[in-house]
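What follows is each chain in one-letter form.
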Amino acid sequence: MSETIIVSILRNNPENDQPPSWCRYEIPFEEKNTVLGTLLYIQEELDPTLAFRYGCRYKRCGLCAVEVDGKPRMACHTYVKDGMRLSPLSKLPVIRDLVIDRESFFLDLQKRFLFVDEENCNSGIVLEPEEGAKLRSCAECLSCFASCPQYIFGDKDFGGPYIFVKLAQLSLDPRDNRNRHKQAIELGINRCLDCDSKCYCPNGLNIYREAVNHLLSKSS
Amino acid sequence: MRVESCDVLCLGGGGAGITAAVTAAEYGANVILVSKEPLGYGDTRISMGLTSFPGVVEGDSLELFYQDLLKGGEYLNDPELAWIMAEMNPFGVQLLESYGHLFQRNNKGLIGSDVAYLIGGHSLPRSIGCPPGGGISMGNALRAGAARSNIRVFEEVLASSLLCSGEHVAGAVCFDICRGEVFLIRAGAVIIATGGAGWLYYPHTDCNSGVNGDGYALAYNVGAKLIDMEQVQFMPFGLTHPASVCGVYVGEPSLAAPKGLIRNRNGEVILSGLGTMTRAQVTNAMAVELSRGGGTEYGGLLLDLEPNLALPEGRQMWNVRKERGQLNIVRFAYGEDAYRWKKPWDVTPTAHYFMGGIMVNTSGQSSVPGLYAAGQAMGGIHGANRLGSVSLAELFVFGYIAGKAAAKECIGQKPLDCSQGQEEAAGNIKSLSGRKGLYSPLVLQRRLQKTMWENVGIARVEKGLRTALKEIEEIEETCENLKIASQISYNRDIVHTIEIKHMLTVAKLITEAALMRCETRGAHLRLDFPEKDEKNWRRNIIVFKENNNFKIQSEAVKF
C-alpha cells in the first residue's frame, strides 16, 4: 500500500447559491511534490472541474498564487504536506474555486497611468538605480494584496501593495516624469505608516522597505 | 450571440502579439487583442530575458550577425527574414524599452560591450540580460505598453477557429474562459502571435501551459502554408524530476562553460567543451546517448559542473548564476550539493521553441489573404536551429512589421462578411458543454504528449514516427466521445477540448514533416539518417491544406 496524504480545497461554484465549501482529496505521497503538482493530479485523476491557474511551473509567471493554510503562496514552489488547506487569494473576487478575477488589474494600469509616457521613453543612456531594477521582478502574482490588512477590493481610496510597488518602480525609472509620490498619497499610502504587517512577496521583495518607504520618504 | 468588430484582430498576448496590436493601433487601426492567458503572462514573461543586440562589441556587424543566423540555422533559413532580423534587431530592443522595459546597462548607462555575453553559435558577445527578474520585467512592460495604447484587450479568451469571407480571413470564433461565453470577432485582418507548441511535449517542456500550437492549427485550417514544422528546438538542460517540475529549464550550453561535462549513467564523459556549441549540437549528442541506453533511472544524463570550481572564472560563473537566482530551481529539485555544483544534475532536453511555423513574406503576410503571423508562430527566420537570445528581439521586430502591414491593409476598408460558416463554428463550441462521452480531453492531451515525446521528440526514426501518426489518428477518433463538464465559468474541459483538436493538427504536421526529412539537420535528428544530406535536403518542407486534404512538399531554400 503506497502512502497517501490528504489536502482540502475550498471549492466555490458561483453558479449555485451554496456558500464555498471545503472538499478533501486523498492523493499519493510523492517526494518533493508541490501544491501545483497536487492540483494537477486532482484535475487529471479525480475531478476535472477543479479550477486553478498556472503557467510556468516554477516561480516566473505569477499565475498560480493561492492561499496555503491561510497564507499567500505560489503553488509551484511550495512543497505539499499532509493536512494542507488550499483556498483562493483572500480579498480578491473569486470566479471559481482557486481562480480570482484579474480583469480589473489590467484596467488599473490604464486608470492610474502605470506606464512611462511614450515621449520620454527613448532609451539611449539610462541610469536606473538598483532599487528600481529590483522592483521590476514583481511577477504581478497579487499575493501581496492577500497579505495586506488594509486592502479592500474596489476601495478607490487605497491602492494597496501591488500598486505601490508599481508606483515606486516607475518613480525610480529615470524616463518617468509623472509625480508618483503624489499619486501614492492620493492612493492612501499614509495608511501604511502605522502598519507593521509584512506584505508577502514570493519573489523576495521587501515591499515596505523597497516600495512603500521609498514613496513615503520622497513625499514628506 | 455577441459580435465584436475591429480592423485588426491580434491573437496572442505575449511579446509579438502586444507589439503587433500596439503598432497596428499607432498606424490608425481599431484593434482587438485576444489573449488566452491574462495579458503578458506567456513565454515572454517566463524567459530569462536575454536579447541579441548586434554591434556592441568591436568587429561585430549586422552582416556578421546575419551570417551567424544562417550558419546556426544550417542554411534552412529564409534569407530575407533572417536579414530583417539582423537589420532591425536594435530597433526591436528599443521598441520594447519604449514600453517601459530596460535591458542591462553599464555604469555609463549604456548597453555596451561590457554587458554582452557570448552564447553558443554567435561569433561575438552580443547577448544582453535584464537583471534581476529576467523576462518578468518584459511581461510587465508589455502590459504597460498595452495599457498605454488604445487597443481593446480581451484576457483569457481563446480563438477556436478563424472565419473567412471567400478566401480572405475575416474574423474568429472565440471562447471567453471566465464567462463561458462563445462570441464572434469580425476583423479586416487577423495576426496570429500565439507562440509555439512546446506543450505538445509536456512535461518535457519549459514553455508556459497555454503554449499548445493553437495558432499553427488555426492558420492551417484556413489553408495557410507552414514551413519546417519538424524543426523543434529542445533546450539541452531540463529537469527530470520531481514530477511537478519535470521539464523546467535550468540552463543552456553556455551554462557549462568552460569546463562542464556531460556524463552518462556510468559516469563516462560523453561531451565536453559545451560553451561554444549550439543548442542543437548538445541536444543531439545527448539524444544519441539516451537512445543507446546511457540514461539514468530518471531518463536523463548527468551535467557535471564541478570541474568549473577549480578555476577562478568557473567560480565566478557560479556566483553570477547564484546572484541571478538561476540556481534556486536546482536547489529546490536536487538539493544543496547540486546547487553548489558539487553533485551532478540529472538533465534531459526540454521542448523550448519552434523554428518552424506559419510561412510569411517580409510584411508578415501568410499565404492566405488577410492573415498575418509574428513571433514564434511564424517560421523561417531561424531555419533548423535558433541561436540563443534572438527570439526575444524577434518578437518586437516581427510584431511591429505584421502590425504595421495589417493596419495598412485594412484601414478604411469595408467590413467583410464573415457569416460563412459562423453559426456552425460557434455551435461546435456551444454544444461541447455537458457531453456525456467516455474520455476526458485532458487525459487525451496527456496521451498525445506521451507519444510526441517518445516518438517525435529529440531522436526520431521512421518506425516511431509511423507509430505516432497511428496514435494521433486513434486519439482523433476518441475525440468524438468526450466527457465534458457543464459548468459555465472557467470550464477547463472546453478549453482542453479546443486545445486537443489544435494539438492533434499540429502533431500531425510535425510528424509528417519529420518523416519526410530523411536527414539529420539542426534540431531534427533522424537516427536512421544520421548525416546531413546537402545534395537532396537543402530544402524547406511546406505543409498545407488543399481541398480539405493534407499536402506536403519540399522547396529549394531561397539562397
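For every chain, the first residue of the written sequence is number 1, and numbering continues from 1 onward in sequence order. Chain letters and ligand numbers both follow the written order, the letters beginning at A and the numbers at 1. In view of the model being predicted, local features appear only for residues whose pLDDT reaches at least 70, and side-chain atom pairs are presented and counted only at 80 or more, with totals across whole chains, interfaces and linings using the full set of residues. Only hydrogens and water are set aside; all other atoms, that is, all heavy atoms of the structure, feed into the side-chain values.

A. Up close: the packing of aromatic side chains. Only Phe, Tyr and Trp rings are paired, with Trp represented by its six-membered ring, and only when their centres lie within 6.5 Å; those with planes under 30 degrees apart are stacked, over 60 edge-to-face, the remainder tilted. Inspection of the entire model under this criterion finds 20 aromatic pairs over all chains. Centroid distance A:F105 to A:F153: 6.3 Å. Interplanar angle 65 degrees. Geometry classified as edge-to-face. Here A:F153 lies in the loop between α4 (143-146) and α5 (161-171) and A:F105 lies in helix α2 (residues 103-111), a separation of 48 residues in the sequence. Take A:F153: its relative accessible area is 34%, and that puts it in the partly exposed class. Ring geometry for B:W318 and B:Y339: centres 5.8 Å apart, planes at 75 degrees, overall edge-to-face. Here B:Y339 lies in helix α10 (residues 336-339) and B:W318 lies in helix α8 (residues 312-323), a separation of 21 residues in the sequence. Accessibility classification places B:W318 together with B:Y339 in one group, the buried group. Feature note: the residues A:F105, A:F145, A:Y151, A:F153 and A:Y162 constitute an aromatic cluster, connected by ring pairs. Above the plane of the ring of B:F183 lies B:R2, whose end atom (NZ or CZ) is 4.2 Å from the centre. In this description a helix means any DSSP run of H or I spanning at least four residues, a strand means any run of E spanning at least two, and both kinds are numbered starting from the N terminus. Working definition: with a 1.4 Å probe on protein chains only, accessible area under 20% of the residue-type maximum means buried, over 50% means exposed, and in between means partly exposed. For a ring to carry a charge above it, either NZ of a lysine or CZ of an arginine must fall within 6 Å of the ring centroid while also lying within 35 degrees of the normal to the ring plane.

B. Highlighting the layout of surface pockets. Residues and elements named next belong to chain B. Of the grid points, spaced at 1 Å and generated over the protein atoms alone, those admitting a 1.4 Å probe that cannot get out make up cavities, while open sets with protein on both sides within 12 Å along at least five of seven lines make up pockets; any residue with an atom within 4 Å of a point is treated as lining. Grid points are joined across faces, edges and corners, and a volume is the space filled by probe spheres set on the points. For the second largest pocket, the calculated volume is near 1,100 Å³. Considering the residues around the second largest pocket, the lining is formed by 37 residues, among which S160, S161, N221, V222 and K545 are closest to the centre. At the level of secondary structure, the elements contributing two or more residues to the lining of the second largest pocket comprise β7 (157-165), α6 (214-221), α12 (422-430) and α15 (492-516). Tallied by class, the residues present in the lining of the second largest pocket amount to 16 nonpolar, 13 polar and 8 charged. Residues are sorted three ways: Asp, Glu, Lys and Arg are charged, Ala, Val, Leu, Ile, Met, Phe, Trp, Tyr, Cys and Pro are nonpolar, and all the rest, Gly among them, are polar.

C. A look at the interface of chain B and chain A. What makes two residues a contact is simply this: any of their non-hydrogen atoms within 4.5 Å. Across the boundary between the two partners, chain B contributes 71 residues, which contact 62 residues of chain A. Summing the contributions of chain B and of chain A, the shared interface buries around 5,200 Å²; its carbon and sulfur component is 53%. For the chain B face of the interface with chain A, the top three residues by lost area are B:L102, B:R148 and B:F332, together amounting to 13%. A carboxyl oxygen of Asp or Glu within 4 Å of a side-chain nitrogen of Lys or Arg is what we treat as a salt bridge. Between chain B and chain A we count 6 salt bridges in total. Between A:E140 and B:R45 there is a salt bridge, with the nearest N and O atoms lying 2.8 Å from each other. Here the buried area means the combined drop in accessible surface, using a 1.4 Å probe, for two parts upon being joined, counting both sides.

D. View of unusual backbone geometry. Going from B:Y202 to B:P203, the amide bond is cis rather than trans, its omega being 0 degrees. Along the chain, B:P203 turns up in the loop between β9 (181-192) and α6. The amide bond that connects B:H241 to the next residue, B:P242, takes the cis arrangement and shows omega of -10 degrees. Mapped onto the elements of the fold, B:P242 is located in the loop between β11 (232-239) and β12 (249-251). Phi at A:K32 is positive, roughly 60 degrees, even though this residue is not glycine. With a phi angle near 75 degrees, B:S389 is a residue other than glycine that sits in the positive phi range. Its place among the elements puts B:S389 in the loop between β18 (371-373) and α11 (390-410).

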